[in-house]
Amino acid sequence: MDVDLTGEVAVVTGAGGRLGTIWVSALLDAGAHVLGIDLTDEPPAELKQRAGQRYLGVSADVTDKESIRAALSVCLRDLGAPTIVVNNAGIDSPPSTDGGTWRFEDVPGDLSAAVLDVNALGVLNVCQVFGSRMAEQGRGSVINIGSLYGSVAPNPRMYEHLELDPPFLKPPAYGMSKAAVAALSRYLAVLWGRSGVRVNTLSPGGVLGGQDAVFRKKFTDKVPLCRMALPEDLVGPLLFLASGMSGYVTGQELVVDGGYVCQ
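In the annotation of an unreviewed UniProt entry, the entry for the protein chain reads NAD(P)-dependent dehydrogenase, short-chain alcohol dehydrogenase family, and the organism field reads Amycolatopsis xylanica. Database annotation for the protein chain, UniProt heading Sequence similarities (unreviewed entry): "Belongs to the short-chain dehydrogenases/reductases (SDR) family."

As structure tokens, then:
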């Protein structure tokens, strides 16, 4: 069944990121108007040809509530009242040979604070501004983007093949922030249920995107479906949560991980 979002106004934070462009394209393909929020209003390369065709980019910082309020004003003026919000903006730290690795006891406090500020408090800010507007108008769907690592811990052995000293550790604040996002979704599902606003978490796991071959082998060995996620694997779950197909679903976490958490 094709999902028709014609007439809907969707807001995507972190629109220029790797996952952001997937969400934006899926929503545009389903017929929605999309406001893409990022630190720059320049459309990402994948979306440049679609700028002006139901897509509007705006520069805003999710850690700055005033700039989010300004983005809401642009949305109301140029596209209309928001009915879908995808909270996608976030900081991730993939392994790099350029440095930036620490032992657990040495992880810098400013790194942890920055991750929590964007990934958790940034989601809260956007919900306070855009979600509250949807609650006032009596309908809407908020989709907070979580992560597999909000449910399970990253295994350091996945990275032992990398010649890094100290060995690579996924920053602990990343999983902390994504667990917080799922908790916020449950909180808001209860708060806004009577206002007609549904709030859910969509948590991808293991999205293919340039990882080294050894990591891919280690990871897919733990996935029952024997592969990493492709962009098209994420589109259906997003449109399900954005549309009336999930009209009786709220406060849930939809983990799209090929079965990784089953083991």
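The discussion continues.
Asker: Before we go on, may I ask you to explain the pairing of strand β5 (residues 140-145) in this structure?
Answerer: A large share of β5 lies buried, amounting to 6 of its 6 residues. Of the two faces of β5, the one holding G140, V142 and N144 and the one holding S141, I143 and I145 are both buried throughout. The pairing of strand β4 (residues 84-87) with β5 spans 4 bridges and is classified as parallel. Pairing of V85 across the sheet is with V142, part of β5. In terms of strand pairing, β5 meets strand β6 (residues 197-204) through 6 bridges, oriented parallel. Paired with I143 across the two strands is N200, which belongs to β6. Where the polypeptide runs from β5 across helix α4 (residues 172-192) and back to β6, its parallel neighbour, the crossover connection is right-handed.

Asker: Before we go on, may I ask you to explain the packing of aromatic side chains in this structure?
Answerer: Each pair of aromatic rings is reported with the distance of its centres and the angle of its planes. Per the stated rule, a full pass over the model turns up 4 aromatic pairs. Note on Y159 and F215: the rings are 5.5 Å apart at their centroids and 20° apart in plane angle, and the pair reads as stacked. Highlighted residues: Y159 in the loop between β5 and α4 and F215 in helix α5 (residues 213-220), separated in sequence by 56 residues. Among the aromatic side chains, those forming a connected cluster through ring pairs are Y159, F168, F215, F219 and Y260. Looking at K170, its charged tip hangs above the ring of Y174, at a distance of 4.9 Å from the centre.

Asker: Can you help me understand the packing of helix α1 (residues 18-29) against helix α6 (residues 231-242) in this one?
Answerer: Each pair of packed helices can be summarised by the angle the axes make with each other and by the distance between the axes. Look at α1 against α6: their axes get within 10 Å of each other, and the N-to-C directions meet at 55°. If you check the angle between α1 and α6, you find them oblique. Both α1 and α6 take part in a crossing whose hand is right-handed. Residue-level contacts link L19, I22, W23, A26 and L27 of α1 to P231, L234, V235, L238, L239 and A242 of α6. For the contact of α1 with α6, the residue count by class is 11 nonpolar, no polar and no charged.

Asker: Got a minute to help me understand the environment of T21 in this structure?
Answerer: Mapped onto the elements of the fold, T21 is located in helix α1. Taking the C-alpha atoms as reference points, T21 and V34, separated by 13 residues in sequence, lie 11 Å from one another. If we skip the residues at most four places from it in the chain, T21 touches A15, G16, P44, E46 and L47.

Reading guide: rules and limits
Residues numbered from 1 in each chain as written. Predicted model: local features only at pLDDT ≥ 70, side-chain atom pairs only at ≥ 80, totals over all residues. Heavy atoms only, no water. UniProt positions renumbered as here; feature names shortened; annotations may be inferred. Buried < 20%, exposed > 50% of the residue type's maximum accessible area, 1.4 Å probe, protein only. Helix = DSSP H or I, 4+ residues; strand = E, 2+ residues; numbered from the N terminus. Pairing = 2+ DSSP bridges. Right-handed = clockwise from strand over helix to strand, strands pointing away. Phe/Tyr/Trp six-rings, centres within 6.5 Å; stacked < 30°, edge-to-face > 60°. Lys NZ or Arg CZ within 6 Å of the ring centre and 35° of its normal. Axes fitted to C-alpha atoms, helices over the stretch in contact; angles between N-to-C directions. Parallel < 35°, antiparallel > 145°, perpendicular 65-115°, else oblique. Left-handed = near helix turned anticlockwise from the far one by under 90°. Contact = heavy atoms within 4.5 Å. Nonpolar A, V, L, I, M, F, W, Y, C, P; charged D, E, K, R; others polar.

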